[in-house]
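Survey of secondary and tertiary structure
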Amino acid sequence: MLTVSKLLPQGQGLAPVLIKRAATVELDWDLRQKSRFAATDSQGRELGIFLPRGTVVRGGDVLVAEDGSLVRVIAAAQPVLRITACAEHGHRPIDKNFDLMRAAYHLGNRHVPIELQSDHLKIEPDHVLADMLRAMHLTVVAQQDSFEPEGGAYSAGGHHHGHDHGHAHEDHGHAHTHEHGHAHDHGDNHVHGPGCGHDHDHGHDHGHAHKPSH
């Protein structure tokens, strides 16, 4: 087994040609947030990774093995929920980013790891959270994709140094149930439509049992 004890964030200081020629290793988020784990690279070599505690490995980082060889990390595709603003309705139809900001706020209150993009959010699969988000009139789609949740505001170099994010989200079930009844903040600007997978009292059946009250 080849020991790895050094990490270069995004290959910092390395020539691009060296990074391009390096072996690769695909790691999902569960592994990348650990500081000690085993993996196999694209050359079939068994790697024993021993990094400083609290280190989180990101896609694009480069691991340096004890023999000086380089291994570029690829964020492996894994089950995620992709969250987007509904094209047909929402709290503020003229500014769909508001709906994503609102979703990120509620997810952040539950300490859920979130990947933030300009037009969507990604979280790990959780049916309770999915129901909450759909009740807020967001579109939630299960898919396979890489997952790079936002790092803590005070983490060095933008790398996340949080701990124990692999907990079962069911622990938050009571909080979600409690909040669920408050998810419908329908003001005068609220518009309904068929695009987010909800049942509304408009004769449309979108396969979701939840009916928001108005």
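Residues numbered from 1 in each chain as written. Predicted model: local features only at pLDDT ≥ 70, side-chain atom pairs only at ≥ 80, totals over all residues. Heavy atoms only, no water.

1. Focus: the overall build of the chain
Looking only at helices and strands, the chain has five helices and ten strands in total. Long-range contacts, defined as pairs at least 24 residues apart, comprise 67% of the intrachain contacts of the chain with a sequence gap of at least 6. Summed over its atoms, the accessible surface of the chain is roughly 11400 Å², and 52% of this surface lies on carbon and sulfur atoms. (Helix = DSSP H or I, 4+ residues; strand = E, 2+ residues; numbered from the N terminus. Contact = heavy atoms within 4.5 Å. Areas by Shrake-Rupley, 256 points an atom, 1.4 Å probe, with all protein chains shown as cover.)

2. What to know about the sheet that holds strand β2 (residues 23-27)
Here we have six strands laid out as an open sheet, ordered β2-β6-β5-β1-β4-β3, and mixed in their pairing. A single partner strand is all that each edge strand has here, and the edge strands are β2 and β3 (36-40). The average undirected angle you get between the axes of adjacent strands in this sheet is 35 degrees. (Pairing = 2+ DSSP bridges. Axes fitted to C-alpha atoms, helices over the stretch in contact; angles between N-to-C directions.)

3. What to know about the pattern of salt bridges
Under the definition given, this model contains five salt bridges. The partner of Arg 32 in a salt bridge is Glu 148, with the nearest N and O atoms 3.1 Å apart. Of this pair, Arg 32 sits in helix α2 (residues 29-32) while Glu 148 sits in the loop between β10 (138-145) and α5 (173-180), and the two are 116 residues apart along the sequence. Between Arg 45 and Asp 41 there is a salt bridge, with the nearest N and O atoms lying 2.7 Å from each other. Asp 41 sits in the buried class, given a relative accessible area of 5%. Each member of the salt-bridge network shares a partner with another, and the members are Arg 32, Arg 58 and Glu 148. (Salt bridge = Lys/Arg side-chain N within 4 Å of Asp/Glu carboxyl O. Buried < 20%, exposed > 50% of the residue type's maximum accessible area, 1.4 Å probe, protein only.)

4. Structural notes on the confidence of the model for the chain
Chain-level pLDDT for the chain is 78 on average; 68% of the residues reach the 70-or-more range. Below a pLDDT of 50 lies the segment residues 156-195, which in the model reaches 82 contacts outside its immediate sequence neighbourhood of four places, other chains included. Confidence drops under a pLDDT of 50 for residues 199-214, and excluding neighbours within four residues, the segment shows 32 contacts in the predicted structure. (pLDDT = per-residue confidence, 0-100.)

5. Comments concerning the nonpolar core
Side chains that are nonpolar tend, in soluble globular proteins, to be buried together. Ranked by size, the top nonpolar core spans 16 residues in total, and within it Ile 83, Leu 107, Leu 121, Ile 123, Leu 133 and Leu 138 carry the most contacts. In terms of residue count, helix α4 (residues 127-135) provides more of this core than any other element does, four residues in total. The next biggest cluster of nonpolar side chains, apart from the first, holds 15 residues, and it includes Leu 27, Ile 49, Leu 63 and Ala 65. (Core = buried A, V, L, I, M, F, W, Y, C linked by side-chain atoms within 4.5 Å.)

6. Remarks on the pairing of strand β6 (residues 70-75)
For β2 and β6, the ladder comprises five bridges, and the chain directions are parallel. For Glu 26, the partnering residue across the bridge sits in β6 and is Ile 74. Bridge count between strand β5 (residues 62-65) and β6: three bridges; the pairing is antiparallel. Each residue of the ladder has a partner; that of Val 62, found in β6, is Arg 72.

7. Re the pairing of β3
Residues Phe 37 and Ala 39 line the buried face of β3, whereas the alternating positions Arg 36, Ala 38 and Thr 40 sit on a face that is not buried. Sheet analysis places β3 next to strand β4 (residues 46-50), joined by five bridges and oriented antiparallel. Residue pairing for β4: Ala 38 is matched across the bridge by Gly 48. Linking β3 back to β4 in an antiparallel pair, the connection comprises five residues, with Gly 44 at a positive phi of about 85 degrees.

8. Looking at the environment of Glu 150
Among the structural elements, Glu 150 can be located in the loop between β10 and α5. Separated by 34 residues in the primary sequence, Glu 150 and Leu 116 place their C-alpha atoms 6.5 Å from one another.

9. Structural notes on helix α3 (residues 96-109)
The end-to-end C-alpha distance of α3, which contains 14 residues, comes to 21 Å, matching closely the 20 Å that a straight helix rising 1.5 Å per residue would cover. Three or more residues of α3 are buried, namely Asp 99, Leu 100, Arg 102, Ala 103, His 106 and Leu 107. Seen end-on, α3 carries its buried residues on one side only, within an arc spanning 160 degrees. In α3, those exposed residues whose orientation departs by more than 90 degrees from the buried face are Met 101 and Tyr 105. Considering only its buried residues, α3 is in contact with β7 (78-85), β9 (121-123), α4 and β10. (Expected span 1.5 Å × (residues − 1). Arc of directions from axis to C-beta.)

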